[in-house]
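Close look at the chain arrangement
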Amino acid sequence: MGRKQRIKEQKKVEKSKNISRAIREKEKGTLYYIIYIGLIILLLYPPYFRGMFFDREFLPTHIYSGMLFLLYIIYKTKVLKEYRVFNSPMDYAAIALVGAYFLTIFAAANIRSAIGEFLKYINYFIAFYMVSDFARTKKDIKVILWAMVISAFGVAFIGIGSAAGTFTYNGAFVSGRINSTLQYPNTLAAYLTAAFMISTSLWVTAENRVQKAILAFINYTLFICFLFTLSRGAW
């Protein structure tokens, strides 16, 4: 078998794996929709609580994401009968990063801060793993991307509204720079850059004119807010 033929066969196998991993309708019970809605909520609200930077906002989220992850593991093993935890090299890389932060605890100058960072990266891993493993169809992927874009749009809208004086949001506009809900202009600029890339990708691939128009408006809002963060590094 030639190299090209082997590549074709490998692609067929990968495609069949993806199809076989799609969750069938009969497996979509109440628990499935609880997890689905819970995951969307997890992707929507963190930017509105100072980006989860402080313990007061982060610890309740850590408990919430932990419970959601436990429900998903139960659903994955009991309903889907899937016992393999990792499905791609990225999964191993993500858990290795968590492991690296765990090792830093033993050599940390500040144990409390090191444990805090370790918990944060557990949370990041949970979000990454659930999105990558739960979204198994193009429709699921688009729903998740839309959730992230809508969340970013809300952040940008609050920032612009605060700068214009339309409404008041504590710390959203300070010294002529938009901070919005993240409370720090450079962090906001980096966040909006990522969101703008996702939104632009959705706009390019959208087949519906109404969706294109909505995404164009969202892109414009994200970009205007990005400009007025006055973040030279992001620019």
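A quick note: this is a predicted structure, and the numbers were derived from the prediction, not measured.

Criteria and thresholds
- Residues numbered from 1 in each chain as written.
- Predicted model: local features only at pLDDT ≥ 70, side-chain atom pairs only at ≥ 80, totals over all residues.
- Heavy atoms only, no water.
- Axes fitted to C-alpha atoms, helices over the stretch in contact; angles between N-to-C directions.
- Helix = DSSP H or I, 4+ residues; strand = E, 2+ residues; numbered from the N terminus.
- Parallel < 35°, antiparallel > 145°, perpendicular 65-115°, else oblique.
- Left-handed = near helix turned anticlockwise from the far one by under 90°.
- Contact = heavy atoms within 4.5 Å.
- Nonpolar A, V, L, I, M, F, W, Y, C, P; charged D, E, K, R; others polar.
- Core = buried A, V, L, I, M, F, W, Y, C linked by side-chain atoms within 4.5 Å.
- Buried < 20%, exposed > 50% of the residue type's maximum accessible area, 1.4 Å probe, protein only.

**Examining the packing of helix α6 (residues 138–164) against helix α7 (residues 185–205)**
Two elements in contact, α6 and α7, have axes whose closest approach is 9 Å; the angle formed by their N-to-C orientations is 135°. Classified by the angle their axes make, α6 and α7 are oblique. By crossing handedness, the relation of α6 to α7 is classed as left-handed. Contacts between α6 and α7 involve K142, L145, W146, M148, V149, S151, A152, V155 and A156 from the first element and L188, Y191, L192, A195, I198, S199, L202 and T205 from the second. Split into classes, the residues belonging to the contact of α6 with α7 amount to 13 nonpolar, 3 polar and 1 charged.

**Examining the nonpolar core**
Within the largest apolar cluster, 26 residues are counted, with the highest numbers of intra-cluster contacts made by L39, Y72, Y75, M130 and F134. At the level of secondary structure, the elements contributing two or more residues to this core comprise α2 (30–44), α3 (55–79), α4 (89–104), α5 (111–134) and α6. Contact partners of L39, with chain neighbours within four places excluded, come to L68, M130, V131, F134 and I144. Counting residues in hydrophobic clusters, the runner-up holds 18 residues, among them W146, L182, L192 and I218.

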